[in-house]
Number of protein chains: 2
Amino acid sequence: MVAANRSPLSRTVIADAALVLIEEHGFDYLTMRRLGENLGIDAMSLYYYFDNKDDLLDAMLDRLYDSVVISELDAGSGNEFASWLRAIRRMFEHPAAHELYTKRVASSPAGPRGVLWSGTRLLQRGLTPAEAAKAYRLICSFVTGFASSSMYVSAIAEAAKAAPEADDLYVSEFLCHLQQADEEETFEAGLNMLATVLISDLATVTAS
Amino acid sequence: MVAANRSPLSRTVIADAALVLIEEHGFDYLTMRRLGENLGIDAMSLYYYFDNKDDLLDAMLDRLYDSVVISELDAGSGNEFASWLRAIRRMFEHPAAHELYTKRVASSPAGPRGVLWSGTRLLQRGLTPAEAAKAYRLICSFVTGFASSSMYVSAIAEAAKAAPEADDLYVSEFLCHLQQADEEETFEAGLNMLATVLISDLATVTAS
DNA sequence: ACCTGAACACCGTTCAAGT
DNA sequence: ACCTGAACACCGTTCAAGT
(Lines give C-alpha, C1' and ligand atoms only; values in the text may rest on other atoms or scores of the structure.)
Protein backbone atom coordinates (compact mmCIF):
# COMPACT_ATOMS: atom_id res chain seq x y z
CA MET A 1 0.00 0.00 0.00
CA VAL A 2 1.26 3.42 -0.95
CA ALA A 3 1.76 5.91 1.84
CA ALA A 4 -1.24 8.23 1.89
CA ASN A 5 0.71 11.42 2.27
CA ARG A 6 2.52 11.32 -1.04
CA SER A 7 2.00 10.20 -4.62
CA PRO A 8 3.91 7.15 -5.82
CA LEU A 9 7.27 8.06 -7.24
CA SER A 10 8.48 7.64 -10.79
CA ARG A 11 10.95 9.35 -13.07
CA THR A 12 8.20 11.61 -14.37
CA VAL A 13 6.86 12.59 -10.97
CA ILE A 14 10.36 13.33 -9.70
CA ALA A 15 11.32 15.34 -12.78
CA ASP A 16 8.18 17.44 -12.42
CA ALA A 17 8.88 18.04 -8.75
CA ALA A 18 12.37 19.19 -9.69
CA LEU A 19 10.91 21.63 -12.21
CA VAL A 20 8.59 23.05 -9.58
CA LEU A 21 11.50 23.43 -7.19
CA ILE A 22 13.33 25.52 -9.79
CA GLU A 23 10.25 27.60 -10.54
CA GLU A 24 10.06 28.53 -6.90
CA HIS A 25 13.70 28.93 -5.96
CA GLY A 26 15.85 29.17 -9.07
CA PHE A 27 18.08 26.71 -10.89
CA ASP A 28 20.90 26.54 -8.39
CA TYR A 29 18.51 25.62 -5.61
CA LEU A 30 18.07 22.19 -7.15
CA THR A 31 20.29 19.67 -5.41
CA MET A 32 19.73 15.99 -5.00
CA ARG A 33 19.49 16.44 -1.26
CA ARG A 34 16.90 19.20 -1.37
CA LEU A 35 14.87 17.41 -4.01
CA GLY A 36 14.83 14.28 -1.88
CA GLU A 37 13.75 16.20 1.19
CA ASN A 38 11.03 17.88 -0.85
CA LEU A 39 9.71 14.49 -1.95
CA GLY A 40 9.85 13.06 1.53
CA ILE A 41 12.56 10.52 0.80
CA ASP A 42 16.22 10.21 1.51
CA ALA A 43 18.18 12.04 -1.17
CA MET A 44 20.11 8.90 -2.03
CA SER A 45 16.93 7.10 -3.00
CA LEU A 46 16.85 9.25 -6.12
CA TYR A 47 19.66 7.13 -7.46
CA TYR A 48 17.26 4.27 -7.65
CA TYR A 49 15.37 6.19 -10.37
CA PHE A 50 18.21 8.07 -12.03
CA ASP A 51 21.76 7.12 -12.85
CA ASN A 52 23.00 10.52 -11.77
CA LYS A 53 22.03 14.19 -11.73
CA ASP A 54 22.54 14.64 -15.47
CA ASP A 55 20.11 11.81 -16.08
CA LEU A 56 17.58 13.72 -13.97
CA LEU A 57 18.22 16.91 -15.94
CA ASP A 58 17.65 15.05 -19.21
CA ALA A 59 14.30 13.82 -17.93
CA MET A 60 13.36 17.34 -16.87
CA LEU A 61 14.11 18.76 -20.30
CA ASP A 62 12.09 16.01 -21.87
CA ARG A 63 9.14 16.92 -19.64
CA LEU A 64 9.39 20.55 -20.69
CA TYR A 65 9.31 19.47 -24.32
CA ASP A 66 6.26 17.34 -23.60
CA SER A 67 4.35 20.33 -22.29
CA VAL A 68 5.10 22.18 -25.51
CA VAL A 69 3.95 19.59 -27.96
CA ILE A 70 0.83 18.57 -26.09
CA SER A 71 -0.57 21.98 -25.36
CA GLU A 72 0.23 24.10 -28.32
CA LEU A 73 -0.36 22.28 -31.53
CA ASP A 74 -3.30 23.40 -33.53
CA ALA A 75 -2.54 20.69 -36.01
CA GLY A 76 -3.86 21.00 -39.51
CA SER A 77 -4.32 24.76 -39.25
CA GLY A 78 -1.67 25.04 -41.93
CA ASN A 79 0.56 26.95 -39.62
CA GLU A 80 1.59 24.41 -37.03
CA PHE A 81 5.23 25.17 -37.58
CA ALA A 82 4.94 28.80 -36.55
CA SER A 83 2.80 27.94 -33.57
CA TRP A 84 5.28 25.29 -32.53
CA LEU A 85 8.06 27.90 -32.63
CA ARG A 86 5.91 30.22 -30.53
CA ALA A 87 5.37 27.41 -28.05
CA ILE A 88 9.09 26.79 -27.86
CA ARG A 89 9.64 30.43 -27.06
CA ARG A 90 7.06 30.18 -24.31
CA MET A 91 8.70 27.04 -23.01
CA PHE A 92 11.85 29.08 -22.52
CA GLU A 93 9.99 31.31 -20.10
CA HIS A 94 10.25 28.51 -17.56
CA PRO A 95 13.21 29.45 -15.38
CA ALA A 96 14.73 26.01 -15.85
CA ALA A 97 14.43 25.89 -19.63
CA HIS A 98 17.48 27.78 -20.76
CA GLU A 99 19.97 26.06 -18.51
CA LEU A 100 18.47 22.64 -19.19
CA TYR A 101 18.45 23.22 -22.91
CA THR A 102 22.03 24.38 -23.32
CA LYS A 103 23.42 21.83 -20.88
CA ARG A 104 21.49 18.74 -21.89
CA VAL A 105 19.79 19.03 -25.28
CA ALA A 106 22.58 17.02 -26.84
CA SER A 107 21.81 14.02 -24.64
CA SER A 108 18.11 14.28 -23.76
CA PRO A 109 15.60 12.54 -26.06
CA ALA A 110 14.10 16.02 -26.46
CA GLY A 111 16.86 17.01 -28.90
CA PRO A 112 16.14 14.41 -31.60
CA ARG A 113 12.40 14.88 -31.12
CA GLY A 114 12.66 18.59 -31.90
CA VAL A 115 14.91 18.16 -34.91
CA LEU A 116 12.78 15.44 -36.43
CA TRP A 117 9.57 17.34 -35.92
CA SER A 118 10.94 20.53 -37.48
CA GLY A 119 12.70 18.75 -40.31
CA THR A 120 9.57 16.88 -41.28
CA ARG A 121 7.52 20.10 -41.39
CA LEU A 122 10.10 21.86 -43.55
CA LEU A 123 10.30 18.95 -45.98
CA GLN A 124 6.51 18.85 -46.17
CA ARG A 125 6.62 22.45 -47.26
CA GLY A 126 8.63 21.37 -50.27
CA LEU A 127 12.15 22.28 -49.26
CA THR A 128 14.94 20.00 -50.40
CA PRO A 129 16.86 18.25 -47.60
CA ALA A 130 19.75 20.70 -48.02
CA GLU A 131 17.45 23.70 -47.92
CA ALA A 132 15.58 22.29 -44.95
CA ALA A 133 18.84 21.78 -43.06
CA LYS A 134 19.92 25.35 -43.65
CA ALA A 135 16.47 26.68 -42.77
CA TYR A 136 16.38 24.61 -39.59
CA ARG A 137 19.77 25.90 -38.55
CA LEU A 138 18.75 29.54 -39.01
CA ILE A 139 15.33 29.16 -37.43
CA CYS A 140 16.63 27.21 -34.47
CA SER A 141 19.40 29.76 -33.95
CA PHE A 142 16.94 32.61 -33.91
CA VAL A 143 14.34 31.00 -31.68
CA THR A 144 16.72 29.72 -29.03
CA GLY A 145 18.89 32.82 -29.22
CA PHE A 146 15.88 35.08 -28.86
CA ALA A 147 14.65 33.14 -25.87
CA SER A 148 17.99 33.26 -24.08
CA SER A 149 18.65 36.89 -24.76
CA SER A 150 15.21 37.74 -23.37
CA MET A 151 16.58 36.87 -20.00
CA TYR A 152 19.23 39.56 -19.95
CA VAL A 153 18.69 42.29 -22.57
CA SER A 154 16.84 44.43 -20.14
CA ALA A 155 19.50 44.09 -17.46
CA ILE A 156 22.26 44.87 -19.95
CA ALA A 157 20.44 47.91 -21.29
CA GLU A 158 19.99 49.14 -17.73
CA ALA A 159 23.69 48.73 -17.01
CA ALA A 160 24.62 50.41 -20.29
CA LYS A 161 22.72 53.56 -19.28
CA ALA A 162 25.44 54.30 -16.78
CA ALA A 163 28.15 54.40 -19.47
CA PRO A 164 29.39 57.74 -20.83
CA GLU A 165 28.28 56.84 -24.37
CA ALA A 166 24.71 56.86 -23.09
CA ASP A 167 24.84 60.65 -22.74
CA ASP A 168 24.12 60.75 -26.44
CA LEU A 169 20.39 61.27 -26.96
CA TYR A 170 19.97 58.68 -29.70
CA VAL A 171 21.92 56.07 -27.80
CA SER A 172 19.89 56.56 -24.66
CA GLU A 173 16.67 56.35 -26.65
CA PHE A 174 17.98 53.17 -28.25
CA LEU A 175 18.55 51.69 -24.79
CA CYS A 176 15.05 52.67 -23.64
CA HIS A 177 13.48 51.00 -26.64
CA LEU A 178 15.53 47.93 -25.91
CA GLN A 179 13.97 47.69 -22.47
CA GLN A 180 10.42 48.59 -23.38
CA ALA A 181 9.99 46.72 -26.63
CA ASP A 182 7.20 44.18 -26.75
CA GLU A 183 8.89 40.78 -26.74
CA GLU A 184 6.15 39.04 -28.62
CA GLU A 185 6.03 41.65 -31.34
CA THR A 186 9.78 41.49 -31.85
CA PHE A 187 9.67 37.71 -31.95
CA GLU A 188 6.92 37.83 -34.57
CA ALA A 189 9.02 40.20 -36.65
CA GLY A 190 11.81 37.64 -36.55
CA LEU A 191 9.52 34.78 -37.52
CA ASN A 192 8.13 36.90 -40.29
CA MET A 193 11.59 37.57 -41.62
CA LEU A 194 12.49 33.89 -41.52
CA ALA A 195 9.29 32.81 -43.20
CA THR A 196 9.64 35.34 -45.97
CA VAL A 197 13.25 34.63 -46.74
CA LEU A 198 13.53 30.93 -46.02
CA ILE A 199 10.31 29.25 -46.78
CA SER A 200 8.93 30.99 -49.80
CA ASP A 201 12.26 31.91 -51.27
CA LEU A 202 15.12 30.01 -49.75
CA ALA A 203 17.07 29.79 -52.97
CA THR A 204 18.14 33.43 -53.02
CA VAL A 205 19.77 33.00 -49.62
CA THR A 206 21.17 29.59 -50.36
CA ALA A 207 22.92 30.68 -53.52
CA SER A 208 26.07 32.03 -51.96
CA MET B 1 61.29 41.24 -5.83
CA VAL B 2 58.93 39.04 -7.74
CA ALA B 3 59.55 35.33 -7.62
CA ALA B 4 61.34 34.34 -10.80
CA ASN B 5 59.24 31.29 -11.53
CA ARG B 6 55.94 33.04 -12.09
CA SER B 7 54.60 36.29 -13.50
CA PRO B 8 53.15 38.80 -11.06
CA LEU B 9 49.48 38.22 -10.44
CA SER B 10 46.61 40.50 -11.30
CA ARG B 11 42.94 40.11 -12.16
CA THR B 12 43.82 39.97 -15.84
CA VAL B 13 46.59 37.41 -15.49
CA ILE B 14 44.40 35.21 -13.31
CA ALA B 15 41.38 35.47 -15.62
CA ASP B 16 43.55 34.47 -18.59
CA ALA B 17 44.94 31.52 -16.69
CA ALA B 18 41.40 30.41 -15.91
CA LEU B 19 40.50 30.63 -19.60
CA VAL B 20 43.49 28.47 -20.49
CA LEU B 21 42.48 25.95 -17.84
CA ILE B 22 39.06 25.64 -19.48
CA GLU B 23 40.55 25.36 -22.95
CA GLU B 24 42.56 22.41 -21.79
CA HIS B 25 40.14 20.62 -19.48
CA GLY B 26 36.61 21.93 -20.02
CA PHE B 27 34.41 24.32 -18.09
CA ASP B 28 33.69 22.17 -15.08
CA TYR B 29 37.37 21.64 -14.44
CA LEU B 30 37.68 25.23 -13.27
CA THR B 31 37.54 25.41 -9.50
CA MET B 32 39.10 27.97 -7.23
CA ARG B 33 41.29 25.30 -5.73
CA ARG B 34 42.60 24.01 -9.06
CA LEU B 35 43.13 27.49 -10.42
CA GLY B 36 45.13 28.42 -7.35
CA GLU B 37 47.28 25.33 -7.63
CA ASN B 38 47.84 26.06 -11.31
CA LEU B 39 49.05 29.57 -10.46
CA GLY B 40 51.30 28.35 -7.68
CA ILE B 41 49.37 30.00 -4.87
CA ASP B 42 46.99 28.89 -2.21
CA ALA B 43 43.45 28.78 -3.64
CA MET B 44 42.20 31.13 -0.96
CA SER B 45 44.58 33.84 -2.12
CA LEU B 46 42.34 34.30 -5.14
CA TYR B 47 39.87 36.01 -2.86
CA TYR B 48 42.36 38.81 -2.50
CA TYR B 49 41.81 39.61 -6.20
CA PHE B 50 38.18 38.59 -6.65
CA ASP B 51 35.15 38.97 -4.43
CA ASN B 52 33.97 35.49 -5.34
CA LYS B 53 33.89 33.04 -8.21
CA ASP B 54 31.23 34.97 -10.13
CA ASP B 55 33.46 38.01 -10.02
CA LEU B 56 36.18 35.89 -11.61
CA LEU B 57 33.80 34.66 -14.31
CA ASP B 58 32.82 38.25 -15.10
CA ALA B 59 36.46 39.15 -15.57
CA MET B 60 36.96 36.13 -17.82
CA LEU B 61 34.07 37.11 -20.06
CA ASP B 62 35.41 40.62 -20.26
CA ARG B 63 38.76 39.24 -21.39
CA LEU B 64 37.11 37.22 -24.14
CA TYR B 65 35.34 40.34 -25.34
CA ASP B 66 38.65 42.17 -25.34
CA SER B 67 40.17 39.63 -27.68
CA VAL B 68 37.29 40.16 -30.10
CA VAL B 69 37.39 43.89 -30.33
CA ILE B 70 41.14 44.22 -30.49
CA SER B 71 41.87 41.62 -33.11
CA GLU B 72 39.02 41.73 -35.51
CA LEU B 73 38.11 45.28 -36.36
CA ASP B 74 39.00 46.44 -39.81
CA ALA B 75 37.61 49.83 -38.92
CA GLY B 76 36.59 52.16 -41.69
CA SER B 77 36.17 49.37 -44.20
CA GLY B 78 32.48 50.24 -44.23
CA ASN B 79 31.59 46.83 -42.95
CA GLU B 80 32.89 46.77 -39.42
CA PHE B 81 29.54 45.69 -38.10
CA ALA B 82 29.47 42.45 -40.06
CA SER B 83 33.07 41.68 -39.22
CA TRP B 84 32.35 42.34 -35.58
CA LEU B 85 29.51 39.83 -35.70
CA ARG B 86 31.82 37.32 -37.33
CA ALA B 87 34.35 37.91 -34.60
CA ILE B 88 31.69 37.34 -31.96
CA ARG B 89 30.84 34.05 -33.58
CA ARG B 90 34.50 33.09 -33.50
CA MET B 91 34.72 34.14 -29.86
CA PHE B 92 32.04 31.56 -29.11
CA GLU B 93 34.35 28.86 -30.37
CA HIS B 94 36.28 29.20 -27.14
CA PRO B 95 34.98 26.39 -24.94
CA ALA B 96 34.35 28.82 -22.09
CA ALA B 97 32.45 31.41 -24.10
CA HIS B 98 28.96 30.01 -24.16
CA GLU B 99 28.73 29.22 -20.48
CA LEU B 100 30.34 32.51 -19.47
CA TYR B 101 28.08 34.48 -21.77
CA THR B 102 24.77 33.03 -20.67
CA LYS B 103 25.70 32.99 -17.00
CA ARG B 104 27.38 36.34 -16.63
CA VAL B 105 26.71 38.71 -19.52
CA ALA B 106 24.10 40.50 -17.42
CA SER B 107 26.68 41.46 -14.82
CA SER B 108 30.01 41.63 -16.64
CA PRO B 109 31.09 44.95 -18.15
CA ALA B 110 31.19 43.05 -21.44
CA GLY B 111 27.40 43.23 -21.76
CA PRO B 112 27.05 47.01 -21.88
CA ARG B 113 30.13 47.27 -24.07
CA GLY B 114 28.58 45.03 -26.71
CA VAL B 115 25.19 46.72 -26.67
CA LEU B 116 26.66 50.20 -26.92
CA TRP B 117 28.99 49.26 -29.73
CA SER B 118 26.26 47.60 -31.78
CA GLY B 119 23.69 50.29 -31.08
CA THR B 120 26.05 53.02 -32.15
CA ARG B 121 26.81 51.26 -35.43
CA LEU B 122 23.12 50.75 -36.21
CA LEU B 123 22.28 54.37 -35.46
CA GLN B 124 25.15 55.49 -37.67
CA ARG B 125 23.57 53.54 -40.48
CA GLY B 126 20.54 55.77 -40.19
CA LEU B 127 18.14 53.60 -38.22
CA THR B 128 15.87 55.31 -35.72
CA PRO B 129 16.38 54.33 -32.07
CA ALA B 130 13.28 52.09 -32.21
CA GLU B 131 14.42 50.40 -35.40
CA ALA B 132 17.93 49.99 -34.05
CA ALA B 133 16.57 48.36 -30.90
CA LYS B 134 14.53 45.86 -32.86
CA ALA B 135 17.41 45.19 -35.25
CA TYR B 136 19.81 44.67 -32.36
CA ARG B 137 17.43 42.24 -30.71
CA LEU B 138 17.08 40.13 -33.86
CA ILE B 139 20.75 40.23 -34.78
CA CYS B 140 21.90 39.43 -31.27
CA SER B 141 19.41 36.56 -31.06
CA PHE B 142 20.66 35.07 -34.28
CA VAL B 143 24.36 35.45 -33.60
CA THR B 144 24.34 34.10 -30.07
CA GLY B 145 21.78 31.43 -30.90
CA PHE B 146 23.78 30.29 -33.89
CA ALA B 147 26.94 30.10 -31.83
CA SER B 148 25.32 28.05 -29.09
CA SER B 149 23.53 25.68 -31.38
CA SER B 150 26.79 25.01 -33.21
CA MET B 151 27.86 23.14 -30.12
CA TYR B 152 25.17 20.49 -30.31
CA VAL B 153 23.42 20.33 -33.71
CA SER B 154 25.75 17.67 -34.92
CA ALA B 155 25.27 15.54 -31.80
CA ILE B 156 21.50 15.91 -31.99
CA ALA B 157 21.40 15.00 -35.67
CA GLU B 158 23.50 11.93 -34.90
CA ALA B 159 21.12 10.86 -32.15
CA ALA B 160 18.11 11.51 -34.37
CA LYS B 161 19.40 9.06 -36.95
CA ALA B 162 18.51 6.25 -34.59
CA ALA B 163 14.84 7.23 -34.47
CA PRO B 164 12.27 5.38 -36.62
CA GLU B 165 11.34 8.57 -38.47
CA ALA B 166 14.85 8.61 -39.88
CA ASP B 167 14.05 5.61 -42.05
CA ASP B 168 12.45 8.08 -44.43
CA LEU B 169 14.95 8.93 -47.15
CA TYR B 170 14.35 12.67 -47.14
CA VAL B 171 14.53 12.87 -43.37
CA SER B 172 17.81 11.00 -43.25
CA GLU B 173 19.24 13.21 -45.97
CA PHE B 174 18.07 16.23 -44.00
CA LEU B 175 19.98 14.94 -40.97
CA CYS B 176 23.13 14.35 -42.99
CA HIS B 177 23.04 17.87 -44.37
CA LEU B 178 22.61 19.15 -40.84
CA GLN B 179 25.86 17.49 -39.84
CA GLN B 180 27.90 18.28 -42.91
CA ALA B 181 26.82 21.83 -43.63
CA ASP B 182 29.57 24.44 -43.64
CA GLU B 183 29.08 26.49 -40.49
CA GLU B 184 30.58 29.63 -41.90
CA GLU B 185 28.48 29.51 -45.03
CA THR B 186 25.28 29.05 -43.05
CA PHE B 187 26.24 31.87 -40.73
CA GLU B 188 26.86 34.13 -43.72
CA ALA B 189 23.44 33.24 -45.09
CA GLY B 190 21.95 34.37 -41.79
CA LEU B 191 23.89 37.62 -41.77
CA ASN B 192 22.85 38.19 -45.33
CA MET B 193 19.23 37.72 -44.46
CA LEU B 194 19.47 40.10 -41.52
CA ALA B 195 21.29 42.74 -43.52
CA THR B 196 18.80 42.59 -46.36
CA VAL B 197 15.72 42.73 -44.22
CA LEU B 198 16.82 44.90 -41.32
CA ILE B 199 19.31 47.37 -42.49
CA SER B 200 18.24 48.38 -45.93
CA ASP B 201 14.55 47.87 -45.37
CA LEU B 202 13.67 47.54 -41.72
CA ALA B 203 10.35 49.31 -42.09
CA THR B 204 8.61 46.44 -43.85
CA VAL B 205 9.35 44.17 -40.93
CA THR B 206 8.67 46.79 -38.29
CA ALA B 207 5.23 47.60 -39.64
CA SER B 208 3.28 44.87 -37.89
C1' DA C 1 11.20 -3.37 -5.34
C1' DC C 2 12.16 0.44 -2.85
C1' DC C 3 14.52 3.02 0.63
C1' DT C 4 18.23 4.34 4.27
C1' DG C 5 22.67 6.06 6.44
C1' DA C 6 27.32 6.29 6.81
C1' DA C 7 31.14 7.48 4.22
C1' DC C 8 34.25 9.63 0.45
C1' DA C 9 36.10 13.06 -2.22
C1' DC C 10 35.10 17.06 -3.49
C1' DC C 11 33.13 22.29 -3.62
C1' DG C 12 33.03 27.90 -2.44
C1' DT C 13 33.92 30.94 1.14
C1' DT C 14 35.30 33.17 5.80
C1' DC C 15 38.50 34.60 8.94
C1' DA C 16 42.25 35.10 11.87
C1' DA C 17 46.97 34.90 11.21
C1' DG C 18 51.39 35.28 9.06
C1' DT C 19 55.26 38.00 6.10
C1' DA D 1 50.27 44.38 0.13
C1' DC D 2 50.02 39.74 -0.53
C1' DC D 3 49.52 35.08 0.95
C1' DT D 4 48.39 30.89 4.11
C1' DG D 5 45.72 27.17 6.66
C1' DA D 6 42.23 25.64 9.37
C1' DA D 7 37.47 25.51 9.47
C1' DC D 8 32.38 25.57 7.94
C1' DA D 9 28.56 24.34 5.42
C1' DC D 10 27.67 22.48 1.63
C1' DC D 11 27.87 19.22 -2.92
C1' DG D 12 27.24 14.43 -5.96
C1' DT D 13 27.85 9.71 -5.55
C1' DT D 14 28.88 4.77 -3.82
C1' DC D 15 27.84 0.95 -1.28
C1' DA D 16 26.45 -2.23 2.04
C1' DA D 17 22.44 -2.77 4.54
C1' DG D 18 17.67 -2.73 5.73
C1' DT D 19 12.22 -3.80 4.69
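The present account deals with the structure reproduced in this document. (Residues numbered from 1 in each chain as written. Chains lettered and ligands numbered in written order. Predicted model: local features only at pLDDT ≥ 70, side-chain atom pairs only at ≥ 80, totals over all residues. Heavy atoms only, no water.)

### Description of the overall build of chain A
Inclusion rule: The secondary structure listing takes helices from DSSP runs of H or I that are at least 4 residues long and strands from runs of E that are at least 2 residues long, numbered from the N terminus. Each residue is placed in one exposure class: buried if its accessible area under a 1.4 Å probe, protein chains only, is under 20% of its type's maximum, exposed if it is over 50%, and partly exposed if it falls in between.
Each helix and strand in chain A was counted, giving 12 helices and 0 strands. The linear arrangement of helices and strands in chain A, starting from the amino end, is α-α-α-α-α-α-α-α-α-α-α-α. Classification of the 208 residues of chain A by burial places 50% in the buried group.

### Brief notes about the interface of chain B and chain A
We apply this condition: Throughout, a contact is declared for two residues whenever any of their heavy atoms are within 4.5 Å. Summed over both partners, the accessible surface that disappears when two parts come together, traced with a 1.4 Å probe, is what is meant by buried area. Salt bridges, as used here, are contacts in which a Lys or Arg side-chain nitrogen is within 4 Å of a carboxyl oxygen on Asp or Glu. Here a polar contact is recorded for every N or O atom pair within 3.5 Å, except that within protein the pair must consist of a potential hydrogen donor and a potential acceptor, and residues adjacent in sequence are included only if both atoms are side-chain atoms. Charged means Asp, Glu, Lys or Arg here, nonpolar means Ala, Val, Leu, Ile, Met, Phe, Trp, Tyr, Cys or Pro, and polar covers whatever is left, Gly included.
Between chain B and chain A, the contact holds 54 residues from the first and 54 residues from the second. Summed over both partners, the interface of chain B with chain A comes to about 4800 Å²; 79% of that surface belongs to carbon and sulfur atoms. Taken together, chain B and chain A are joined by 4 salt bridges. In this structure, the connection of chain B to chain A is made through 10 residue pairs in polar contact (both at pLDDT 80 or more). Counting residues per element, the ones that place at least two in the side of chain B that touches chain A are α6 (97-104), α7 (110-124), α8 (129-150), α9 (153-160), α10 (169-180) and α11 (183-199) of chain B. When the residues that make up the side of chain B that touches chain A are grouped by side-chain class, the tally is 33 nonpolar, 13 polar and 8 charged.

### A word on the nonpolar core
Note the cut-off: We call a set of buried Ala, Val, Leu, Ile, Met, Phe, Trp, Tyr and Cys residues a nonpolar core when their side-chain atoms join them within 4.5 Å.
Residues Leu-35 and Met-60 of chain A together with Leu-35 and Met-60 of chain B are the most contacted members of the largest nonpolar core, which totals 142 residues. Here Met-60 of chain B is in contact with Ala-15, Ala-18, Leu-19, Ile-22, Leu-30 and Leu-100 of chain B, once residues within four sequence places are set aside.

### Notes on the pattern of salt bridges
Using the criterion set out here, one finds 30 salt bridges over all chains in the structure. One salt bridge connects Asp-55 of chain A with Arg-11 of chain A, and the closest N-O pair in it is separated by 3.1 Å. With Asp-55 of chain A in helix α4 (residues 53-72) and Arg-11 of chain A in helix α1 (residues 11-25), the pair connects residues that are 44 residues apart, well separated along the chain. Among the residues examined, Arg-11 of chain A registers a relative accessible area of 36% and is labelled partly exposed. Between Lys-134 of chain B and Glu-185 of chain A there is a salt bridge whose closest N-O contact spans 3.4 Å. Here the residue Lys-134 of chain B occupies a position in helix α8, and Glu-185 of chain A occupies one in helix α11 (residues 183-199), the pair thus bridging two chains. By sharing partners, the salt bridges in this structure join Asp-16, Asp-62, Arg-63, Asp-66 and Arg-113 of chain A into a single network.

### Points about the environment of Gly-126 of chain B
Topologically, Gly-126 of chain B is positioned in the loop between α7 and α8. Between the alpha carbons of Gly-126 of chain B and Ala-162 of chain B there is a distance of 50 Å; along the sequence they are 36 residues apart.

### Some points on the relation of the copies chain B and chain A
We apply this condition: Fitting of the copies onto one another was done by least squares over C-alpha atoms, counting residues only where both copies have pLDDT of at least 70.
In the superposition of chain B on chain A (RMSD 0.0 Å, axial shift 0.0 Å), the rotation amounts to 180°. The superposition of one copy onto the other is thereby described by a two-fold rotation axis. Rotation axis and chain B: the residue whose C-alpha lies nearest the axis is Gly-145 of chain B, separated from it by 1.8 Å. With an isologous cut-off of 70% or more, the 100% of interface residues of chain B that recur at the interface of chain A puts this contact in the isologous class.

### Regarding the state of the cysteines
Quick note on the threshold: Count a disulfide wherever a pair of cysteine sulfur atoms falls within 2.5 Å.
Counted under the stated rule, the structure contains 0 disulfides over all chains. Here Cys-176 of chain A is not disulfide-linked; the sulfur of Cys-140 of chain B is the nearest cysteine sulfur, at 18 Å.

### A word on the packing of helix α5 (residues 80-91) of chain B against α7 of chain B
Residues and elements named next belong to chain B. Condition: Axis lines are fitted to C-alpha atoms, over the contacting stretch for helices. Their N-to-C directions set the angle, which ranges from 0 to 180 degrees. Orientation categories follow fixed angle ranges, with anything under 35 degrees roughly parallel, anything over 145 roughly antiparallel, 65 to 115 roughly perpendicular, and all other angles oblique. If you view the pair so one helix is near and one far, a crossing is left-handed when the near helix is turned anticlockwise from the far one by less than a right angle, and right-handed when it is turned clockwise.
At a closest axis distance of 10 Å, the pairing of α5 and α7 adopts a crossing angle of 150°. With respect to each other, α5 and α7 are oriented roughly antiparallel. Relative to α7, α5 is oriented so that their crossing is left-handed. Residue-level contacts link Glu-80, Phe-81 and Trp-84 of α5 to Gly-114, Trp-117, Ser-118, Arg-121 and Leu-122 of α7. Here the residues of the contact of α5 with α7 are counted per class, giving 4 nonpolar, 2 polar and 2 charged.

Read these as geometric descriptors, not functional statements.
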